[in-house]
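Structural characterization, general
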Amino acid sequence: MASTLPALAIPGQRLGPVTSYSAGPGTHVQQSNVYASIAGPVVVEPAQPGSKGKATLSVSRSIRAPGTGNASKPVTTAPGAKPAATSATPKPKVKYNTLPAVDSVVLARVTRVQKRQATVSILVVLDESGSTQGVNPSQTTSDNDNIEAILSSAANPENHSSSDELRFQALIRKEDVRAVEKDRVVMDEMFRVGDIVRGTVISLGDQSFYYLTTARNDLGVVMARSEAGNMMFPVSWKEMRDSVTGQAEMRKVARPF
Amino acid sequence: MTDRRRINGPPSGTRPAVFASSLNSASDIATGRPQRQRQPNELRKIFLKTGLIPSASGSAYLEYEPSASLAAARSSPKSLIPPSSALKLACTVHGPKPLPRSATFSPNLVLTTHIKYAPFAARKRKGHIRDASERDLGVHLETALRGVIVAERWPKSGLDITITILEAEDDRWWGDAPDSHDAPWGMMNVLAGCITAASAAISDARIDCLDLIAGGVAAIVADESEDGEAKPKLMLDTDPAEHKAILSACVVAYMPSRDEITEIWLKGDSSKALLGPDDKRSGHEALLDGAVDAARGAHSVLAEAVRESAERFAGLAPGGGATQ
């Protein structure tokens, strides 16, 4: 294939003809040519062998883009650890602008629990790859800089209202909480204000709310504090226990890994 | 209505101080006025750097090279007043972020632009509340950017673009010479700078764009030559302080790779331009072409700054300023 692809593209830069490439994320098509629409490393995804498709050109929004031709991609990092390749210069924090889309897995904080629904504010849109293997904070994509800090400050009631206006809001309706016995769901026994919930987006919703579901074993409350204010650990799919007092509370618990 | 929140001035009113003119003679006026040292088609250097404001999702800082007269005035100061000013502005992009709760559903990105002069930006002090000219500039900028952003890729979200002008271009030379023109020509240079900086900041925020959009200014200038005759000529990237009479000026927002214009602002009488003998273009065509040429020049700086932003993003190189 054409070897003239630049390693790094800027918006408006011509990348290749549509006869040999199809346009992926971060690109657009203009007059039978694929053009970059964001600045970043160019990624070529070869077509599936056997199928008659074309290679997909995209411009990466993520720093962990594989196969960009730039040998500067530390892919695996432990949570909290700095990538070794960037020890020389202080690495600027990478910002993403990924909106929640249908089927994306998000972490959200419960802000309000009502009889028929729970209101949550979306903290993080998890990476596609991260959604299958769990929550690895260093692999998530969001414009939030420090996911650990966001999550650990979650149950603190002081910093709820201030930043929620800047986050995308979502609803978990009563019938979307779990897959079985939907009509017996009592929202108060599923979520409490301040819980961190993992859910998937089922709809972009109306002007103000996305719609989330937790009707899967791996979805539900991942972090919660008890009434005494201590962190709780999950003991079953519907119960979490205070690590200090041993008090049990009801939640729709996500399967731990 | 009285203002109870601030300490007010005396109710009886005060007289503004009247200062003696620092220009005493006609020779002062002749020597004090800055002169254009550049060729008619030569642009000022541009400094453009992205990512300077960490709390914003994208940001850019733009600065024009001060005119040669400023450097001369610094080395041998005749007056405390600098002869001309050069544009300096900072642009921040916040978003995409959720729309306010009162907003209706939008399948597209909702763009809002704010341009604000710092109170000290111009020779005439600006208030803290945006005035009509600032709102006007904001609308022009929004038109320019709306054509370049791929809005349908960001449903249900808003993008706020805020530009603070730290030093504005002069509208005219500060001296009260009788032959000074008096129209807000400086605003057009400010708009061109705003467009270029906003494009860099949007790219820095990684919002999908069709192209990098650059602003450029051209003007038809009737300066007296040696024989005292005013010959209207086309000049690119005019500094209004350097010219006695700007007949008309034009600013465009231009996408070089698509050869498209998203915003035109043409002001004044463009019919009097004296172009070359074999130049069949009308005055405003020549103006537009000139502004597009200026935008192409700005685009080369813009592309370099955005490439730098992408490199910094990809962790390839430490950041630095881009200059033309």
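Residues numbered from 1 in each chain as written. Chains lettered and ligands numbered in written order. Predicted model: local features only at pLDDT ≥ 70, side-chain atom pairs only at ≥ 80, totals over all residues. Heavy atoms only, no water.

Attention now goes to the confidence of the model for chain A. Residue and element names in this part refer to chain A. Residues at a pLDDT of 70 or more form 69% of chain A, whose mean pLDDT is 76. In the model, residues 129–145 has pLDDT below 50 throughout and makes 41 contacts with residues more than four positions away in sequence or in other chains. In this model residues 154–161 is a low-confidence stretch, pLDDT under 50, and it forms eleven contacts with partners more than four residues away in sequence or in other chains. (pLDDT = per-residue confidence, 0-100. Contact = heavy atoms within 4.5 Å.)

Now for the sheet that holds strand 3 (residues 21–23) of chain A. All names here are of chain A. The four strands are arranged 1-6-7-3 in an open sheet whose pairing can be described as mixed. The strands lining the two open edges of the sheet, one partner per strand, are strand 1 (8–9) and strand 3. Pairing of strand 3 with strand 7 (residues 55–59), which is carried by three bridges, proceeds in the parallel orientation. By the bridge assignment, Ala 23 is partnered in strand 7 with Leu 57. (Pairing = 2+ DSSP bridges. Helix = DSSP H or I, 4+ residues; strand = E, 2+ residues; numbered from the N terminus.)

Whether parallel or antiparallel, the strands of a sheet pair through hydrogen bonds between backbone atoms. Residue and element names in this part refer to chain B. Pairing in this open sheet of four strands is antiparallel, and the strands run 7-6-8-9 from one edge to the other. Whereas interior strands pair on both sides, the edge strands pair on one side only; in this sheet they are strand 7 (230–236) and strand 9 (260–268). With strand direction ignored, the average angle separating the axes of adjacent strands in the sheet is 15 degrees. Both strand 6 (residues 214–224) and strand 8 (residues 246–255) contribute to a ladder of eight bridges, which runs antiparallel. Residue pairing in the sheet places Val 221 in a bridge with Ile 246 of strand 8. The sheet strands contacting helix 3 (residues 132–146) are strand 8 and strand 9, and the helix crosses strand 9 at an angle near 150 degrees. (Axes fitted to C-alpha atoms, helices over the stretch in contact; angles between N-to-C directions.)

Turning our attention to the state of the cysteines. Residue and element names in this part refer to chain B. In the structure shown here, the tally under the stated rule is zero disulfides over all chains. Looking at the unpaired Cys 194, the closest cysteine sulfur is the one in Cys 91, lying at 7.7 Å. According to the relative accessible area criterion, Cys 194 is buried, its value standing at 0%. Just so you know, Cys 209 is unpaired, no disulfide at all, and the nearest cysteine sulfur is the one on Cys 91, 12 Å from it. (Disulfide = S-S within 2.5 Å. Buried < 20%, exposed > 50% of the residue type's maximum accessible area, 1.4 Å probe, protein only.)

With that settled, the discussion passes to the packing of helix 4 (residues 186–204) of chain B against helix 5 (residues 283–314) of chain B. Residue and element names in this part refer to chain B. Relative to each other, helix 4 and helix 5 sit at 20 degrees, their axes nearing to 10 Å. Taken together, helix 4 and helix 5 sit at an angle that is classed as roughly parallel. In the packing of helix 4 onto helix 5, the handedness of the crossing is right-handed. Mapping the contact onto sequence places Thr 196, Ser 199, Ala 200, Ser 203 and Asp 204 in helix 4 and Ala 298, Leu 302, Val 306, Ser 309 and Arg 312 in helix 5. (Parallel < 35°, antiparallel > 145°, perpendicular 65-115°, else oblique. Left-handed = near helix turned anticlockwise from the far one by under 90°.)

All names here are of chain B. For helix 4, spanning 19 residues, the distance from its first C-alpha to its last is 27 Å, which sits close to the expected 27 Å at 1.5 Å a residue. Counting buried positions over the 19 residues of helix 4 gives 19, a clear majority of the element. Directly after helix 4, the chain includes Arg 206, whose backbone phi takes a positive value near 60 degrees. (Expected span 1.5 Å × (residues − 1).)

On to the confidence of the model for chain B. Detailed reading of predicted coordinates is not advised where the pLDDT is low. All names here are of chain B. Mean pLDDT over chain B works out to 86, with 92% of the residues at or above the 70 mark. Long-range and interchain partners of residues 317–324, a stretch whose pLDDT sits below 50, account for 26 contacts in this model, where long-range means more than four residues apart. Of the two predicted TM-score estimates for the complex, the pTM is 0.82 and the ipTM is 0.81.

All names here are of chain B. For the pair helix 3 and helix 4, interaxial distance at closest approach is 10 Å and the crossing angle is 45 degrees. Put simply, helix 3 runs oblique to helix 4. In the crossing of helix 3 with helix 4, the sense of the turn from one axis to the other is right-handed. For the pair helix 3 and helix 4, the contacting residues are Ser 133, Asp 136, Leu 137, His 140, Leu 141, Ala 144 and Leu 145 in the first and Met 187, Val 190, Leu 191, Cys 194, Ile 195, Ala 198 and Ile 202 in the second. Tallied by class, residues from the contact of helix 3 with helix 4 come to eleven nonpolar, two polar and one charged. (Nonpolar A, V, L, I, M, F, W, Y, C, P; charged D, E, K, R; others polar.)

This part covers empty space enclosed by the protein. Residue and element names in this part refer to chain B. Here the structure, examined in full by the defined rule, presents two cavities of 30 Å³ or more. Lining the largest cavity, in full, are Leu 43, Arg 44, Ile 46, Tyr 64, Asn 189, Ala 192, Gly 215, Gly 216, Val 217, Asp 237, Ala 294 and Ala 298. Put simply, the parts of the chain that give the lining of the largest cavity at least two residues each are helix 4, strand 6 and helix 5. Among the elements that take part in the lining of the largest cavity, strand 6 stands out by supplying three residues, more than any other. (1 Å grid on protein atoms, 1.4 Å probe; cavity = no way out; pocket = protein on both sides within 12 Å on 5 of 7 lines; lining within 4 Å. Points joined across faces, edges and corners; volume = space filled by probe spheres on them.)

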